[in-house]
Amino acid sequence: MKRFFLATSCFAALGLGACQDGQIRDAETTTEELTVAATTQVETRPTVQDAREFLEDAEADIVAASEIGARAAWINANFVTEDTNALVAQTSAEGAKLATRLANEAKRFNGVSLPDDMRRKIDMLKRGSNFPAPMRDGAAEELSEIMAGLDATYATGTFAIDTSDPAIVAVLGEVEGDRIDLGQAVRLMAQLRDPALLRQVWEGWRTISPPMRDDYARMVELINEGAQELGYADAGALWRGGYDMDADAFATEVDRLWGQVNPLYEQLHCYVRGALNETYGDDVVPLDAPIRADLLGNMWAQQWGNIYGLAAPEGAGEGVDVTALLEENDYDAMKMVRTADDFFVSMGFDPMPDTFWERSLITKPRDRDVQCHASAWNLDDIEDVRIKMCTEVTGEDFQTVHHEIGHNIYQRAYKDQPVFYKTGANDGFHEAIGDMIALSITPEYLVEIGLLDAADLPGEDADIALLMQTAMNKIAFLPFGLLVDKWRWQVFNGVLEPAQYNDGWWALRTEYQGIRPPSERPADAFDPGAKYHIPGNTPYMRYFLAHVLQFQFHKAACEQAGFEGPLHRCSVYGNEEVGERFNAMLEMGASQPWPDALEAFTGTRDMDGSAILEYYAPLIDYLETQNQGRTCGWNRD
Ligand code: X8Z
Ligand code: ZN
């Protein structure tokens, strides 16, 4: 969901976006403002008391606007219709105007010496929102309407395909009519192995997005204008400014993290391309070229676990097929969510409240359009937490239910913070909580909860298989997590004009992921629009950060638990001591700069990819051996 007082779209919090430090504050204080402050100091310089009153009023206004906004957004996401789109556009416009007003009023306190806590809140207000509306009349309404429309276009997208094709029927069963939706297309991408059909499904889903492009371009103009009014060069600079560090330093920081993990990605890419080449042959998968994006088992080639069967290491033991285990044990969507909740409870967290079970949307309704992309919500900023997911009984969605409940756990943990701080230490933290817990879904844990027979527990000889299974999701994801916002940064700063949006997207997809479209893209293609977070306007660097942070959290948790084996065999299930220390970090919300929160749990103040490398160390050796004699990499032109 997107809300104007939120740092986020995929989880709802009522607080403002993440924060920034004094460096940015000073950079934003213009010479003109300083001159005004100096010449009018005696009579009009606001006092600390003025700031306190301003913050109290702002907090009350935000709480009031957020609650109605959240309810409208929830209804819209659960019933996507013309009417709910219009309602959410209206509440969003109100929220946007409030955010803009408060951001501008907060500038009054530039140059006023304030206690740290108040300065932090004022600076958060000055960031406005991730989608700042320009101040002029009508701009907030125009922006909100475009955003609601893009979201709805994605949610309701369908495309035509031969639904009587036996290979399609084998996956989807009998389908009424000749159109399918994203959920069906995603299942086909996961299970089909015929390159011609995969290409059709892949191209078919991308027919929903060309109509978005002009609106998207207009939206970019509007939020850039809004960001410039707030003192930023463009909206990308505003987004990068939300990490308690200088915006340019943040861009350098993500490149540094990528540099740490990129060699592992290249090894995985090389190995998987080799496996695909064995399956599909040289024509479909040439050994020196980027991989065709439709062959990787996922609509966006962002996680490759669905083609594990094609890449399973020979003679390296069996992995664990969680989908099969869930099916064999008669799990349904509700039981998957209960199991995720139980995990947190085992660590000492309160179970989700009754209202969570009554109000969440856990399976796809048959009779109406919903925004199926999984999300977690907090409607009242206190206890009314919910998830919305069109859950399927698969290992992939088992991970996702942990991911979503992780958001809810965080939201509840920081519920006593002032509204400004009711969000993640940074947005990567919010995305990492449930994922960190899901790293504890080890074979040993599956035995403990009765999903796997003790007799089937994979031994040490299966370590490579187990690591390969998760690497095909978590390592494969890293370059995608990085490039989505690299693309948006280029869109916001004008490096990419609308006519270049699609080519720019594919340039990054090829450079970072080493993939290519299955065929030349049509002139009107707008492929970024076929990924939820682009029309859904959810910043994406958070997922890249989360993929780094979750391994740091996991390693710290395992050390706290005194676990001595390899990290991928460590589960903190049932460990209340770890739960308590984890909760201490979560309770902080965004009240302190994120390095303080990170330090509270892990003892380090830096994001660091070395925990990933440690986790996957045996796999790195394996991949390097397997890739000997192969030419890895791809031509980046
Ligand atoms: O969007 C999500 C979550 C909701 S915040 C389901 N994720 C990203 C995606 O699906 O693209 C989680 C992993 C990356
Ligand atoms: Zn999330």
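Not measured: the values here are computed from a predicted model. (Residues numbered from 1 in each chain as written. Chains lettered and ligands numbered in written order. Predicted model: local features only at pLDDT ≥ 70, side-chain atom pairs only at ≥ 80, totals over all residues. Heavy atoms only, no water.)

**Points about the packing of helix H9 (residues 182-191) against helix H10 (residues 195-205)**
At their nearest, the axes of H9 and H10 sit 10 Å apart, and the two run at 150° to each other. When the interaxial angle is binned, H9 and H10 end up roughly antiparallel. As H9 runs across H10, the sense of the crossing is left-handed. Counted together, Leu182, Ala185, Leu188 and Met189 of H9 and Leu198, Val201, Trp202 and Trp205 of H10 form the full contact between these two elements. By residue class, the composition of the contact of H9 with H10 is 8 nonpolar, no polar and no charged. (Axes fitted to C-alpha atoms, helices over the stretch in contact; angles between N-to-C directions. Helix = DSSP H or I, 4+ residues; strand = E, 2+ residues; numbered from the N terminus. Parallel < 35°, antiparallel > 145°, perpendicular 65-115°, else oblique. Left-handed = near helix turned anticlockwise from the far one by under 90°. Contact = heavy atoms within 4.5 Å. Nonpolar A, V, L, I, M, F, W, Y, C, P; charged D, E, K, R; others polar.)

**Here we look at the coordination of the zinc ion (ligand 2)**
Surrounding the zinc ion (ligand 2) are the protein donor atoms His403 (NE2), His407 (NE2) and Glu431 (OE), which sit 2.0 to 2.1 Å from the metal. By relative accessible area, His403 is classed as buried at 11%. The buried category is assigned to His407, whose relative accessible area is 0%. (Donors = N, O, S within 2.8 Å, 3.2 Å for Na, K, Ca; no water. Buried < 20%, exposed > 50% of the residue type's maximum accessible area, 1.4 Å probe, protein only.)

**Considerations on the layout of surface pockets**
By volume, the second largest pocket amounts to about 330 Å³. What lines the second largest pocket is a set of 17 residues, among which Phe349, Arg412, Ala413, Asn583 and Glu587 lie closest to the centre. Elements supplying a minimum of two residues to the lining of the second largest pocket: helix H18 (395-413) and helix H24 (576-587). Counting residues per element, the lining of the second largest pocket draws most heavily on H24, which supplies 5 residues. Across the lining of the second largest pocket, the residue classes break down as 5 nonpolar, 4 polar and 8 charged. (1 Å grid on protein atoms, 1.4 Å probe; cavity = no way out; pocket = protein on both sides within 12 Å on 5 of 7 lines; lining within 4 Å. Points joined across faces, edges and corners; volume = space filled by probe spheres on them.)

**Some details on the packing of aromatic side chains**
For the structure on display, the rule yields 37 aromatic pairs. Here a set of aromatic residues connected by ring pairs shows up, and it is made of Tyr216, Phe477, Phe480, Trp487, Tyr501, Trp505, Phe526, Tyr540 and Tyr543. The side chain of Arg368 reaches across the aromatic face of Phe79, ending 4.1 Å from its centre. We note Lys531 situated over the ring of Trp300; from NZ or CZ to the ring centre the distance is 4.4 Å. (Phe/Tyr/Trp six-rings, centres within 6.5 Å; stacked < 30°, edge-to-face > 60°. Lys NZ or Arg CZ within 6 Å of the ring centre and 35° of its normal.)

**With respect to the confidence of the model for the protein**
Looking at the protein, pLDDT values average 93 and 93% of them are 70 or higher. Under a pLDDT of 50 for its full length, residues 6-10 has, in the predicted model, 38 contacts with residues more than four places off or in other chains. Scored below 50 in pLDDT, residues 12-41 shows 82 contacts in the model against residues more than four places distant or in partner chains. (pLDDT = per-residue confidence, 0-100.)

**Comments concerning helix H19 (residues 427-438)**
In terms of burial, H19 is largely enclosed, as 12 of its 12 residues are buried. Inspection of H19 places Asp427, Gly428, Phe429, His430, Glu431, Ala432, Ile433, Gly434, Asp435, Met436, Ile437 and Ala438 among the buried residues, and these make up the whole buried set. Residues of H19 that are buried sit in contact with helix H16 (333-346), H18, helix H21 (463-492), helix H23 (541-560), H24 and helix H25 (594-602). Among the residues of H19, the N-terminal cap falls to Asn426, whose side-chain oxygen and the backbone nitrogen of Gly428 are separated by 2.8 Å. (Polar contact = N/O pair within 3.5 Å; in protein donor to acceptor, adjacent residues only side chain to side chain.)

**As for the nonpolar core**
Considering soluble globular proteins, one finds that nonpolar side chains tend to be buried as a cluster. Membership of the largest hydrophobic core comes to 180 residues, with the highest contact counts inside it found for Tyr216, Trp304, Phe429, Trp487, Phe553, Phe582 and Tyr616. If one sorts the elements of this core by residue count, H21 sits on top with 19 residues. Other than its neighbours up to four places away in sequence, Tyr616 contacts Leu264, Leu467, Thr470, Ala471, Lys474, Ile475 and Phe551. Formed by 19 residues, the second largest nonpolar core is a distinct cluster that contains Leu98, Leu102, Phe109 and Leu114. (Core = buried A, V, L, I, M, F, W, Y, C linked by side-chain atoms within 4.5 Å.)

**Looking at the environment of Val285**
Its location among the elements puts Val285 in the loop between helix H13 (247-284) and strand S3 (291-292). Look at Val285 and you get buried, because its relative accessible area is 2%. In this structure, the C-alpha to C-alpha distance between Val285 and Gly274, residues 11 residues apart in sequence, is 8.4 Å. Excluding residues that lie within four positions of it along the chain, Val285 makes contacts with Arg273, Leu276, Asn277, Tyr280 and Leu295.

**A few points about H24**
Between its first and last C-alpha atoms H24 spans 16 Å; for 12 residues at 1.5 Å apiece the expected length is 16 Å, and the two agree. For H24, every residue scored as buried is listed here: Val578, Gly579, Phe582, Met585 and Leu586. Seen end-on, H24 carries its buried residues on one side only, within an arc spanning 120°. Opposite the buried face of H24, by more than 90 degrees, sit the exposed residues Glu576, Glu577 and Glu580. In this structure, the buried residues of H24 make contact with H18, H19, H23 and H25. Structurally, the start of H24 carries an N-cap: the backbone nitrogen of Glu577 is 3.1 Å from a side-chain oxygen of Asn575. Of the residues one or two after H24, Gly589 is the one with positive phi, at around 50°. (Expected span 1.5 Å × (residues − 1). Arc of directions from axis to C-beta.)

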